[in-house]
Amino acid sequence: MFEDRTLDEYTEMIASNAPVPGGGGASAVVGAIGIALGDMVGELTVGKKKYADVEEDIKALMVRAQELREKFLMASEKDAVVFEPLSRAYGIPKDEPGRDEILEKCLREAASAPLEIFDLSCEAIEIIKEFGEKGSRLMISDAATGAAHLKAAMYGAAVNVKVNTRLMKDREYAGKIDAHVEEMMDRYGKLADKVFEDIWQRF
């Protein structure tokens, strides 16, 4: 849906009145950029004698980073796909039988994509931390930039989960998702800040 768009076209779509891409999809793209910066740190670390002792670790991190970047971009597409049924469900007359069940199903599906983006962001923050610790000192500013992007992606995904869970009738289900997001956001928000601050202090 979006993979063949130029950056100019994609941002123009976000800036338009089209329902997608929105905050969830945009967060995924930011996450993809964030982890790509980590991968770049790896690319410019491997093959350097100074970092020979961590080369295998860096190569393993790069594989994970590449997988995550692809998953982020797929999740961006998924976010658009699952939102469309929800936007249609809102148009069902309130007195129509079965509306609540349809809306609940659509809310769960609409929450699933940003939740996936959120979890990917948390995993990516762990990886960018290692790139910052083990990668070339000449490139650690890119690891810090990646950490900032990934924190933004995580926060953006979190609020796009919340906008759906707040409307769910099944409050037990919604509560479990909200609790997961809040706990992980606190943990990984602090970790992303620490990664950035540790690198900042190394200059």
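Residues numbered from 1 in each chain as written. Predicted model: local features only at pLDDT ≥ 70, side-chain atom pairs only at ≥ 80, totals over all residues. Heavy atoms only, no water.

J.: Please clarify how the overall build of the protein chain should be interpreted in this entry.
T.: Across its full length, the protein chain carries six helices and zero strands. Listing every helix and strand of the protein chain by position from the N terminus yields α-α-α-α-α-α. Projected onto its principal axes, the C-alpha coordinates of the protein chain cover approximately 70 × 35 × 25 Å. The buried share of the protein chain, taken over its 203 residues, is 43%. Split by element, the accessible area of the protein chain, about 10800 Å² in all, is 57% carbon and sulfur. Positive and negative side-chain charges in the protein chain, numbering 27 and 38 respectively, have mean positions lying 4 Å apart. (Helix = DSSP H or I, 4+ residues; strand = E, 2+ residues; numbered from the N terminus. Buried < 20%, exposed > 50% of the residue type's maximum accessible area, 1.4 Å probe, protein only. Areas by Shrake-Rupley, 256 points an atom, 1.4 Å probe, with all protein chains shown as cover. Lys, Arg positive; Asp, Glu negative; His and termini not counted. Charge placed at Lys NZ, Arg CZ, Asp CG, Glu CD.)

J.: Would you take a moment to explain the packing of helix 5 (residues 140-165) against helix 6 (residues 171-200) for this structure?
T.: A packed helix pair is summarised by two numbers, namely the angle formed by the two axes and the spacing between the axes. Orientation of helix 5 relative to helix 6, taken along the N-to-C sense of each, is 165 degrees, at an axis distance of 9 Å. Taken together, the axes of helix 5 and helix 6 are roughly antiparallel relative to one another. When you trace helix 5 past helix 6, the crossing you get is left-handed. Tallied by class, residues from the contact of helix 5 with helix 6 come to 19 nonpolar, three polar and six charged. (Axes fitted to C-alpha atoms, helices over the stretch in contact; angles between N-to-C directions. Parallel < 35°, antiparallel > 145°, perpendicular 65-115°, else oblique. Left-handed = near helix turned anticlockwise from the far one by under 90°. Nonpolar A, V, L, I, M, F, W, Y, C, P; charged D, E, K, R; others polar.)

J.: Looking at this structure, how should I read the side chain of Asp79?
T.: In this fold, Asp79 is placed in helix 3 (residues 55-89). As a buried residue without a salt bridge, Asp79 has its nearest oppositely charged side chain in Lys78, at a separation of 8.9 Å. At a separation of 3.1 Å, a polar atom in the side chain of Asp79 contacts the main-chain amide nitrogen of Gly25. When neighbours within four sequence positions are excluded, Asp79 is seen to be in contact with Gly24, Gly25, Ala113 and Pro114. (Salt bridge = Lys/Arg side-chain N within 4 Å of Asp/Glu carboxyl O. Polar contact = N/O pair within 3.5 Å; in protein donor to acceptor, adjacent residues only side chain to side chain. Contact = heavy atoms within 4.5 Å.)

J.: What is the right way to read the nonpolar core from this model?
T.: Nonpolar side chains tend toward joint burial in soluble globular proteins. The biggest cluster of nonpolar side chains holds 41 residues, and the ones touching the most others in it are Ile35, Phe72, Phe118, Ile125, Phe131, Val181 and Tyr188. Mapped onto this core, the elements with two or more residues apiece are helix 2 (23-43), helix 3, helix 4 (99-134), helix 5 and helix 6. Ranked by the residues each element gives to this core, the list is headed by helix 4, at ten residues. (Core = buried A, V, L, I, M, F, W, Y, C linked by side-chain atoms within 4.5 Å.)

J.: Hey, could you run me through helix 6 in this one?
T.: The α-helix winds at 3.6 residues per turn, so residues separated by three or four positions along the chain end up facing the same way. With 30 residues, helix 6 should reach 44 Å at 1.5 Å per residue; the first-to-last C-alpha distance of 42 Å fits that figure. Here helix 6 has its buried residues at Ala174, Ile177, Asp178, Val181, Met184, Tyr188, Gly189, Leu191, Ala192, Val195 and Ile199. Buried residues belonging to helix 6 abut helix 4 and helix 5. Of the residues that open helix 6, the one with a side-chain oxygen 3.3 Å from the backbone nitrogen of Glu172 is Asp170. (Expected span 1.5 Å × (residues − 1).)

J.: Which parts of the structure should I look at to understand the packing of aromatic side chains?
T.: For the structure shown, the criterion picks out one aromatic pair. Between the aromatic rings of Phe196 and Trp200, the centroid separation amounts to 6.0 Å while the plane-to-plane angle is 20 degrees, which identifies the pairing as stacked. Here the residue Phe196 and the residue Trp200 both occupy positions in helix 6, the gap between them amounting to four residues, near one helical turn. Overall, the relative accessible area of 32% leaves Phe196 in the partly exposed class. Positioned over the ring face of Tyr173 is Arg108, at 3.6 Å from the centre of the ring. (Phe/Tyr/Trp six-rings, centres within 6.5 Å; stacked < 30°, edge-to-face > 60°. Lys NZ or Arg CZ within 6 Å of the ring centre and 35° of its normal.)

J.: I keep staring at the environment of Ala144 and nothing clicks. Help me out?
T.: Residue position: Ala144 is located in helix 5. Distance in space between the C-alpha atoms of Ala144 and Lys194 is 9.6 Å, their sequence separation being 50 residues. Not counting the four nearest positions on each side in its chain, Ala144 is found in contact with Phe196 and Ile199.

J.: Explain the side chain of Asn164 to me, please; I cannot follow it from the model alone.
T.: Looking at the element boundaries, Asn164 is found in helix 5. At 2.9 Å, the side chain of Asn164 forms a polar contact with the backbone oxygen of Asn160.

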